[in-house]
Amino acid sequence: MDEQKDDQIDQDDSTNNSEKEQSLTACLLCAAFFGSLGSSFLYGYNLSVVNAPALYIKAFYNKTWIERYGEPISAETVTLLWSVTVSIFSIGGLFGALSATLIIKVLGRKGTLLLNNSFAVIAAVLLSLGEMSRSFEMLIIGRLIMGVDSGIALSALPMYLGEISPKHFRGMIGQFNSILICLGVFTGQVLGMPELLGQESTWIYLFSFLALPAMLQLCVLPFLPESPRYLLMERRDEAGAEKAFQRFLGKKDVSQELEEVHMEARAQDKLHTVSVLQLLKSPAVRWQLITVIITMACYQLCGLNAIWYYTNGILREAGFTESILPYITLSTGAIETLAAIISGLVIERIGRKPLLIFGFFSMAVFFSLLTVFLNFQDRVSWMPYLSYVCILAVIASFCSGPGGIPFILTGELFEQSYRPAAFMIAGTVNWLSNFAVGLLFPFIQETLQSFSFLVFVAVCILGSIYLYVVLPETKNKTFMDISQSFAKINKMPIPSPGQEMELVLSINSDTNGKAQDATKMQTSL
C-alpha cells in the first residue's frame with residue numbers, strides 16, 4: 001500500500017508539471033470565443049441596444065396607434081408599452097433559465113448553444129420587420145424571445161466553458177463569458193451612435209445585427225468538440241470524450257484527464273442528472289447552493305444596473321451638452337470591457353475569491369463616495385466630475401470580479417450530476433433579481449434620492465463578508481477537490497488517502513472488467 005501511495009504521489013507531481021507546461025490551444029480558444037460570441041455577446045448587446053432608438057421606437061408606437069385607432073396614443077399608454085418592451089426581456093430570460101436544464105440534458109452543452117441560435121435569428125426577424133409590418137407586438141415578442149435566448153445562453157455557456165477547460169485555465173476561459181457581455185454592451189453603444197445606426201431611418205438595423213453573431217456561431221461551433229465530461233459521464237462515450245480532450249488540450253495522451261473524470265463519476269452518489277428538488281434536498285451540496293444563490297443575487301443587487309439612472313444627469317451637471325453625451329457615455333462601455341479583459345488575464349494568478357471580495361468591497365467604497373459627491377455637486381462646480389469618476393470606478397470594480405466570476409463558480413462548486421440543476425437555480429435567482437431591481441429601484445430612488453446608493457453599499461459589504469467567511473478558493477482545483485472543500489461545513493465525511501487509492505484501483509478494475517465484457521459480447525456475436 002505504501003508503494004501504491006508513493007506511485008500516486010509521483011503521478012500527481014508529474015501531472016502538475018505537465019499542466020504547468022501545457023499551453024492554450026487554438027481549439028480551446030475558438031470554442032471559448034465563438035461559444036461566447038453567439039451567447040453572452042448577444043445578452044450584453046441587448047442590454048444597451050434599446051437605449052439609442054428609444055425616441056424612435058416610441059414615435060413608431062404612436063404612428064401605429066394613429067393608423068389603427070385614428071387618434072394619438074396617450075402618454076400613459078406609450079410609457080406602458082415601452083416599459084413592457086424593456087422589461088419583458090427579463091421575463092424571457094427567466095423562461096430560458098427554467099427550460100435550459102431540460103434542453104441541456106437532451107442535446108448536451110454544444111447542442112444547446114447551437115439550438116439557441118434559432119431563437120436569436122427568429123428574434124432578429126421579428127424585431128427587424130416590426131416597423132414594416134406596423135406591429136409593435138412583433139417588437140415585444142421579439143424582445144421576449146431574445147430574453148429566452150439569453151436565459152438559455154447564461155446557463156449553457158458557462159457550463160460548457162467550465163467543462164472543456166483544464167483546471168489551471170478554467171478561470172481565464174470562463175471569463176470569456178464576462179468579456180463578451182461587456183463587449184456586447186459596448187458594441188450596442190457604438191452602433192447606436194447617430195453617425196451609424198442610431199437614426200430614425202436605420203434604427204431597425206440595430207436589431208437586424210442580432211442575427212450576425214448567431215450565424216457566425218452556427219458556422220464554427222459544429223466543427224468543435226462537445227464537452228468531454230458530458231460525453232463520458234452522461235453519454236458513456238469514452239472514445240468521443242478522449243478525442244474531445246485531445247483536441248482541446250492539444251496532446252494525444254489524455255489518460256490522466258479521463259481518469260480524473262472517472263474518479264469524479266465514481267465518487268458521486270448519483271450518476272444521473274439530479275432534479276432541482278433533489279438538489280435542494282441534498283445535504284452534500286447545501287452550502288454550495290447557498291453560496292451560489294447569494295453570489296448571483298449580489299451580482300444583480302449590487303447596484304450596477306441602477307448606476308445608469310444617474311450617469312446622464314451627472315454629465316449634464318458637469319456642463320456637457322446633449323449632443324456629446326452619447327460619445328462620453330461610450331467610456332462606460334470601454335471601461336467595462338477593459339476591466340473584464342484584465343480580470344481574465346489575472347484570475348488564474350490572483351484567484352476567484354480575492355477578485356470577488358475586492359470587487360464588491362470596492363463597489364461599496366465608491367458608492368459611498370458617490371453618495372457624498374452627489375449631495376455636494378450643487379455647491380461645488382467641479383464635484384460632478386468626481387461623481388462621474390466614481391461611476392467609472394464602480395463599473396470597473398464590478399467587471400473586475402463580480403461581473404463574471406459568479407457564473408464560473410456555479411460551474412465549479414458542483415459536480416457533473418448537480419450542475420444543470422444548479423445553473424437553473426442560479427439563472428432563476430439572476431433574472432428575478434434583475435427584475436426586482438428594475439421594479440423597485442425607481443421607488444427607492446424617489447424616497448431616498450441620492451442616498452439610495454447606500455442600499456447597494458450594504459449589499460456589497462454583506463456579500464463580501466459572506467464570501468470571505470464561507471467561499472474556499474477554487475483556483476487550480478479539480479471539481480472533486482472543490483466539493484471536498486465544502487465537506488466540513490456540509491458535515492459530510494472527507495475521504496481518507498487510503499479511500500482515494502481504493503477508488504483509483506476500483507476504477508481501473510472496473511475499466512478492465514468493462515473491456516473484458518465487451519470482448520465477450522463481441523465473441524458471442
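Calculation criteria
- Residues numbered from 1 in each chain as written.
- Predicted model: local features only at pLDDT ≥ 70, side-chain atom pairs only at ≥ 80, totals over all residues.
- Heavy atoms only, no water.
- Patch = residues over 30% accessible without salt bridge, like charges linked within 9 Å, V, L, I, M, F, W, Y side chains within 5 Å.
- Areas by Shrake-Rupley, 256 points an atom, 1.4 Å probe, with all protein chains shown as cover.
- Salt bridge = Lys/Arg side-chain N within 4 Å of Asp/Glu carboxyl O.
- Lys, Arg positive; Asp, Glu negative; His and termini not counted.
- Charge placed at Lys NZ, Arg CZ, Asp CG, Glu CD.
- Helix = DSSP H or I, 4+ residues; strand = E, 2+ residues; numbered from the N terminus.
- Buried < 20%, exposed > 50% of the residue type's maximum accessible area, 1.4 Å probe, protein only.
- Phe/Tyr/Trp six-rings, centres within 6.5 Å; stacked < 30°, edge-to-face > 60°.
- Lys NZ or Arg CZ within 6 Å of the ring centre and 35° of its normal.
- Axes fitted to C-alpha atoms, helices over the stretch in contact; angles between N-to-C directions.
- Parallel < 35°, antiparallel > 145°, perpendicular 65-115°, else oblique.
- Left-handed = near helix turned anticlockwise from the far one by under 90°.
- Contact = heavy atoms within 4.5 Å.
- Nonpolar A, V, L, I, M, F, W, Y, C, P; charged D, E, K, R; others polar.
- Core = buried A, V, L, I, M, F, W, Y, C linked by side-chain atoms within 4.5 Å.
- Domains from an automatic or database assignment.

**Q** Just to check I follow, could you spell out a negative patch on the surface for this structure?
**A** Where like charges cluster on the molecular surface, the negative patch consists of Asp237, Glu238, Glu242 and Asp253. With respect to the helices and strands, aspartate 253 occurs in the loop between α12 (238–249) and α13 (255–267). For aspartate 253, a relative accessible area of 54% corresponds to the exposed category.

**Q** Teacher, can you tell me more about unusual backbone geometry here?
**A** Among all residues except glycine, the phi angle is most often negative; among peptide bonds, the trans geometry is most common. One non-glycine residue, arginine 134, adopts positive backbone phi at about 55°. Mapped onto the secondary structure, arginine 134 falls in the loop between α5 (75–129) and α6 (136–164). Unusually for a residue other than glycine, arginine 236 sits at a positive phi of about 55°. Mapping arginine 236 onto the fold places it in the loop between α11 (228–233) and α12.

**Q** Please clarify how the packing of aromatic side chains should be interpreted in this entry.
**A** When we look at a pair of aromatic rings, we describe it by the centre distance and by the angle of the planes. Here the structure, examined in full by the defined rule, presents 17 aromatic pairs. When the centroid spacing of 6.3 Å and the interplanar angle of 50° are considered together, the rings of phenylalanine 453 and phenylalanine 456 count as tilted. One end of the pair, phenylalanine 453, and the other, phenylalanine 456, are both in helix α22 (residues 453–470), 3 residues apart, so they sit about a helical turn from each other. Each member of the pair phenylalanine 453 and phenylalanine 456 is classed as buried. Clustering of aromatic rings is evident, with ring pairs tying together Phe60, Tyr61, Phe136, Trp203 and Phe207. The ring centre of phenylalanine 136 lies 4.7 Å from the NZ or CZ of arginine 68, which sits over that ring.

**Q** Would you mind showing me how to read the packing of helix α3 (residues 40–48) against α6 here?
**A** Helix packing for two helices is described by the angle between their axes and how far apart those axes are. Following both chains from N to C, one finds α3 and α6 inclined at 140°, their axes separated by 8 Å at the closest point. Between α3 and α6, the interaxial angle falls into the category oblique. Regarding α3 and α6, the two cross each other, and that crossing is left-handed. Contact with α3, carried on its side by Ser40, Leu42, Tyr43 and Asn46, involves Arg143, Met146, Asp149, Ser150, Leu154 and Leu157 of α6 and no other residues of that element. Its residues assigned to classes, the contact of α3 with α6 comprises 5 nonpolar, 3 polar and 2 charged.

**Q** I would appreciate a short explanation of the nonpolar core in the present structure.
**A** Inside soluble globular proteins, nonpolar side chains tend to come together where they are buried. In terms of nonpolar packing, the biggest core is built from 134 residues, with Tyr61, Leu279, Phe367 and Phe414 touching the most fellow members. A total of 14 residues in this core trace back to one element, the largest contributor, which is α5. Built from parts of two domains, this core gets at least three residues from each of domain 1 (24–224) and domain 2 (274–496). Ignoring any residue separated from it by four or fewer positions in sequence, one finds phenylalanine 367 in contact with Cys302, Gly303, Ile307, Val394, Phe453, Phe456 and Val457.

**Q** Got a minute to help me understand the packing of helix α8 (residues 176–191) against helix α17 (residues 325–350) in this structure?
**A** Across the interface, α8 lies against α17 with an axial gap of 8 Å and an inter-helix angle of 165°. Taken together, the axes of α8 and α17 lie roughly antiparallel to each other. The handedness of the crossing between α8 and α17 comes out as left-handed. Along the contact surface, α8 presents Ser178, Ile179, Cys182, Leu183, Val185, Phe186, Gln189 and Val190, while α17 presents Thr329, Leu330, Thr332, Gly333, Ala334, Glu336, Thr337, Ala340 and Ile341. Residue composition of the contact of α8 with α17, grouped by class: 10 nonpolar, 6 polar and 1 charged.

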